[in-house]
Amino acid sequence: MQFPVMLIFVAYLPGMRVLKNLFLLVCLSLFFACKPGVKTGEIAVNDFFKSQDRALYKVSPDGRTLSYLKLQDNLQNLFVEDIASGKVTQVTSLEGRGVRFYLWVSKNELIFYRDQPLHSGAEMYIVNKNEGKPRKLSGDPKAKIRVLEDQLIDNKFLLVASNKRDSTVFDVYKLNITNGSLALAAKNPGNIAHWIADSDGRLKLAIASDGVNETLLFRESENAPFKPVIKSSFKNTLVPIGFAGKKGLTIYAISNINRDKNALIELDMTTGKEKRVLFYSDTLNVVEGQYSMAKAQVEYVVAETWKRQKHYLNAEAKAFYGKLDELLPKTELKIMARDKNENVFVLRTFTDRNPGSYYLYTADQHKLKKLADINSSIREEEMCEMKPVSFVARDGLKVNGYLTLPQGSRKEKLPVVVLPHNGPRSRNGWGYDAEVQFLANRGYAVFQINYRGSDGYGKQFMTAGFKEWGKKIREDVIDGVNWLVAKKVADKKRIAIYGTGFGGFIALNCMADNPELFVAAASNSGVVNLFSYLKSIPPFWKTSLQMYYEIVGNPVTDVDYMRAVSPVFHSDRFNKPLFIAQNAKDPRVSPGETIQLVKELKKRNIPVTYLEKDEGSFLEKKEEGRKRFYAALEQFLKENLKK
């Protein structure tokens, strides 16, 4: 199988997006906006943030059936299409709660999950594409369950992980798809953060964590005990990609152990030693390995500078995937799904100005068929280009980011929205971002900074951000804004800052400590209290608690620091307009503390726009919530940046 491509610590950190893109320097001559000569009017908020009509395309294992989720009355239902005849069949006709996620487990059967309220367990169903009668497999209101390997074992069992026995850990079970019964296959001793099976459903790898160090465990057979192979700090990356060859004693992995940037390596599972390095560059960071299950080999890696780059590992792969690049030129291309024989593929394209499209590609016929656009309301020629930028922070550290300028001939003294990304570990990357394009369409330059602590720039850059959320990370943002002012791109009297989650935390801190630089700040579900944030970590992430303490702060030993940088304790430091939005049911940010901060600000007559969100888990509420939020944010920015 192809193992999930994620850093070992990624699963521990909420709100993280899969790494997308990276850095590069730029000179002022690169500061240009949308396509020259094109004039664009104001595009409706709803057009930027509408839900996809069709999404999550997949292919059956035998390559004969295409599947997807289709939006009907704000609910997603499951459809299948015979690839040869084009006949479409609706597999589910759900009411109240639609399909959230699904996968194929045989040529005829699919597993799907229904939308659930926040804090609820998983509700799993199985359905035969030819019968269309879903049958419930799991519905424990408290337990979560996820499929480890989508290949049926003995045509009856599915390997799954669940915290049914103990809410703090995930055990492995064999799920009987005929009656929904669960049989314990591997009991979690309390420190296993990940279980990994091979393509035959055999549990062979596990990753243990004590919160700071991770240990990769391996066993040759299911009757053998797991044995430690290699131990490393969470600051390192070690991501299993797939087994090399058929013997199963060597794996491909993305690793930066003993190096600063990620490389693709072969790792001997009997010795824990690197057998060879397949790809490494001291200037590029490997973020993905394209693994062929049929050939049991990695065919290319994806590395990043400020954009993603493919690097083929053999001539055959270059010839095969090169054909796709010829069919779909000048666009990023991702393989979203494929059949077992790797002949039928679902592809997704995108650029910085185009949300992209889905395509069906049949290799033996060299045939490409467009399936759907991600958002048909968006026209590429009306969007704005995202350009890489870099500057030097006050302590000499090089910091990278992106600048998106609005349309128009004017390129100097523009109103600016600074957009710090979420965290604790994440990054901005090159690609289509509806939020960025929405702000640029409203006439703002959008400045995204990959401050220290961001992923994708190596271990040294990442660890430089530990326990610096209200200090050096804030200084990186301030230095970037001052650089933009010095370049005469920004009008120093019309700069606002806005972020979500930890981005909101950064926005509030920047405003509190540098009120002379910003005319307004906006926070969407922003962290306002580091103490409460750490207390809200779910029980099944308990093994990662020490890691959080190293990255964010320790509530016992770092009390003064955490209090000094938590906005909820410092309402007296704000004196400019604020926009604060908060989900009333947010499990990670205390709504009560956010409301407390708003009340304290209003007592001091600080202009505060407060928006209480109630997006829930269902598609209809999410879309309504997005529209309501961005309409309110638009009005706030207009009032404060267009004066």
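As a starting point, this report considers the structure included with it. This structure is a prediction, so every number in the text was calculated from the model and none was measured. (Residues numbered from 1 in each chain as written. Predicted model: local features only at pLDDT ≥ 70, side-chain atom pairs only at ≥ 80, totals over all residues. Heavy atoms only, no water.)

### Considerations on the overall build of the chain
Thinking step 1. Looking only at helices and strands, one finds 11 helices and 35 strands in the chain.
Thinking step 2. Taken against the 2.2 N^0.38 rule, which gives 26 Å for 643 residues, the C-alpha radius of gyration of the chain at 25 Å falls within 12% of a compact globule.
Thinking step 3. Per-residue burial over the chain gives 60% buried out of 643 residues.
Thinking step 4. Put simply, of all contacts in the chain between residues at least 6 apart along the chain, 55% involve residues at least 24 apart.
Thinking step 5. Only carbon and sulfur atoms are counted for the fraction: they give 48% of the accessible area of the chain, which is about 26,400 Å². (Helix = DSSP H or I, 4+ residues; strand = E, 2+ residues; numbered from the N terminus. Rg over C-alpha atoms; globule rule 2.2 N^0.38 Å. Buried < 20%, exposed > 50% of the residue type's maximum accessible area, 1.4 Å probe, protein only. Contact = heavy atoms within 4.5 Å. Areas by Shrake-Rupley, 256 points an atom, 1.4 Å probe, with all protein chains shown as cover.)

### Some words on helix α5 (residues 472-486)
Thinking step 1. If you check α5, its first and last C-alpha atoms are 20 Å apart, about what 15 residues at 1.5 Å a residue would give, namely 21 Å.
Thinking step 2. All buried positions along α5 are accounted for by I473, R474, D476, V477, I478, D479, G480, V481, W483 and L484.
Thinking step 3. Considering only its buried residues, α5 is in contact with β28 (386-392), β29 (398-404), β30 (414-418), β31 (445-450), β32 (490-500) and α6 (502-513).
Thinking step 4. Once α5 ends, the next one or two residues include K488, with phi positive near 65 degrees. (Expected span 1.5 Å × (residues − 1).)

### Looking at the pairing of strand β24 (residues 332-338)
Thinking step 1. Most of β24 is tucked away: five of the seven residues are buried.
Thinking step 2. Relative to strand β25 (residues 344-350), β24 runs antiparallel, the two being bridged by six bridges. Looking across to β25, one finds that I335 is bridged to L347.
Thinking step 3. The loop that links β24 with its antiparallel partner β25 comprises five residues; one of these, E342, has a positive phi angle of about 55 degrees. (Pairing = 2+ DSSP bridges.)

### Some thoughts on the side chain of S377
Thinking step 1. Turning to its location among the elements, S377 is positioned in the loop between β27 (367-373) and β28.
Thinking step 2. Assessed through its relative accessible area of 18%, S377 is described here as buried.
Thinking step 3. Looking at S377, its side chain comes within polar contact range of the side chain of K50, at 3.2 Å.
Thinking step 4. Leave out the neighbours within four places in its chain, and S377 touches D47 and K50. (Polar contact = N/O pair within 3.5 Å; in protein donor to acceptor, adjacent residues only side chain to side chain.)

### A few points about helix α10 (residues 591-603)
Thinking step 1. With 13 residues, α10 should reach 18 Å at 1.5 Å per residue; the first-to-last C-alpha distance of 18 Å fits that figure.
Thinking step 2. Where α10 is concerned, the buried positions are P591, E593, T594, L597, V598 and L601.
Thinking step 3. Looking at the buried side of α10, the elements it contacts are α7 (530-535), β34 (578-583) and β35 (608-613).
Thinking step 4. N605 sits one or two residues past α10 and shows a positive phi near 60 degrees.

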